[in-house]
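Topology and contacts: notes
Chain residues, written in single-letter form:
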Amino acid sequence: MDKLFEIAEYYNNNLIKRVFDISVEKKKKSMKISLCFSPMNFKHLLGLHKLTDIPFLSQKSESLYQSILNKQLLFDDVVKSKYYYQIENRIGNIQNIKTLLFAKELFFKSLRGEFSTFIKADYLLAQKFEDGYLYLFLVQESKYAAPVSFFFDESDKYFKHNAIHWNILSVEEIEYDKTKGSQKWVFYNTRMKVGKYAN
């Protein structure tokens, strides 16, 4: 099976049409972030926009996502780019998104007014993974938060900072069927003990 198609199929079957409700608290303040994935996010999460020497990738995000599912764009086409090295990390880890969301030790922090990176985002989720960290950056778009970047990095520089980190209380996965107007509870993970970032 083509690797790029396999990733798109995973994204379609495990992340789209689902809402991940993440409840967090800091001191006496609490909030809930409702995270949604869509075809529009796929191109950026994989970093395909960075491969500027492949004209086919210049199409709109949703169209590109559908082209991959239709096998009009294959993994062999992508690796030909001289910029592929910039996204190899993302390609190799994209199927670990749910591993991050339901990890036993998951870190969360708000980036609003607390910490700035080259990535424009409101929130950051991080998980210790192998010899580094998985990072998922989110931006708040009205009711729902959307993913803007996901990658692995050996450094903890995006998370180890003097900003105050929030405790994660629970993560709930809900599957929606818009045609039937129904929702189905899929998975609920309550953290009896959630660690703050350990220096």
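For the structure, check the block above.
What about the overall build of the protein?
In terms of regular secondary structure, the protein is built from six helices and eight strands. Relative to its full complement of 199 residues, the protein shows a buried share of 51%. Here the contacts in the protein between residues at least 6 apart in sequence split such that 58% fall between residues at least 24 apart. Roughly 10800 Å² of accessible area belongs to the protein as shown, and the carbon and sulfur atoms make up 48% of that amount.

A look at the pairing of strand β2 (residues 29–36)
As paired strands, strand β1 (residues 18–26) and β2 are joined by eight bridges and run antiparallel to one another. Opposite Ile-22, over in β2, you have Ile-33 as the bridge partner. In sequence, β1 turns back onto β2 through a hairpin of two residues, with Lys-27 there showing a positive phi of about 55°.

What about unusual backbone geometry?
Even without being a glycine, Glu-130 presents a positive backbone phi close to 50°. If you trace the backbone, Glu-130 turns up in the loop between β4 (123–129) and β5 (132–141). Although it is not a glycine, Ser-142 sits at a positive phi angle of roughly 50°. Assessed through its relative accessible area of 73%, Ser-142 is described here as exposed.

Focus on the packing of aromatic side chains
Scanning all chains against the criterion turns up 12 aromatic pairs. Relative to Phe-42, the ring of Tyr-11 has its centre 5.0 Å away and its plane inclined at 65°; by these criteria the two rings are edge-to-face. Separated by 31 residues along the polypeptide, Tyr-11 in helix α1 (residues 3–14) and Phe-42 in helix α2 (residues 39–46) bring together distant segments of the chain. Across the pair, Phe-42 and Tyr-11 agree in class, each one buried. Through a chain of ring-to-ring contacts, the aromatic side chains of Tyr-11, Phe-20, Phe-37, Phe-42, Tyr-65 and Phe-102 assemble into a single cluster. Seen from the ring of Phe-5, Lys-71 lies directly overhead, with NZ or CZ sitting 4.6 Å from the centre.

Focus: the pairing of β4
Taking burial as the measure, the seven residues of β4 include six buried ones, the bulk of the element. Here five bridges tie strand β3 (residues 106–110) to β4, and the two strands are oriented antiparallel to one another. If you follow Phe-107 over to β4, its bridge partner there is Ala-126. Pairing geometry for β4 and β5, over seven bridges, is antiparallel. Bridge pairing links Leu-124 to Phe-137 in β5. Hairpin connection between β4 and β5: a loop of two residues separates the two successive antiparallel strands, and Glu-130 in this loop has a positive phi of roughly 50°.

Describing the environment of Leu-136
Residue position: Leu-136 is located in strand β5. A relative accessible area of 0% places Leu-136 in the buried class. Leaving out residues up to four positions away in the same chain, Leu-136 has contacts with Leu-35, Leu-100, Leu-101, Tyr-123, Leu-124, Leu-125, Pro-147, Ser-149 and Phe-150.

Rules of the game
- Residues numbered from 1 in each chain as written.
- Predicted model: local features only at pLDDT ≥ 70, side-chain atom pairs only at ≥ 80, totals over all residues.
- Heavy atoms only, no water.
- Helix = DSSP H or I, 4+ residues; strand = E, 2+ residues; numbered from the N terminus.
- Buried < 20%, exposed > 50% of the residue type's maximum accessible area, 1.4 Å probe, protein only.
- Contact = heavy atoms within 4.5 Å.
- Areas by Shrake-Rupley, 256 points an atom, 1.4 Å probe, with all protein chains shown as cover.
- Pairing = 2+ DSSP bridges.
- Phe/Tyr/Trp six-rings, centres within 6.5 Å; stacked < 30°, edge-to-face > 60°.
- Lys NZ or Arg CZ within 6 Å of the ring centre and 35° of its normal.

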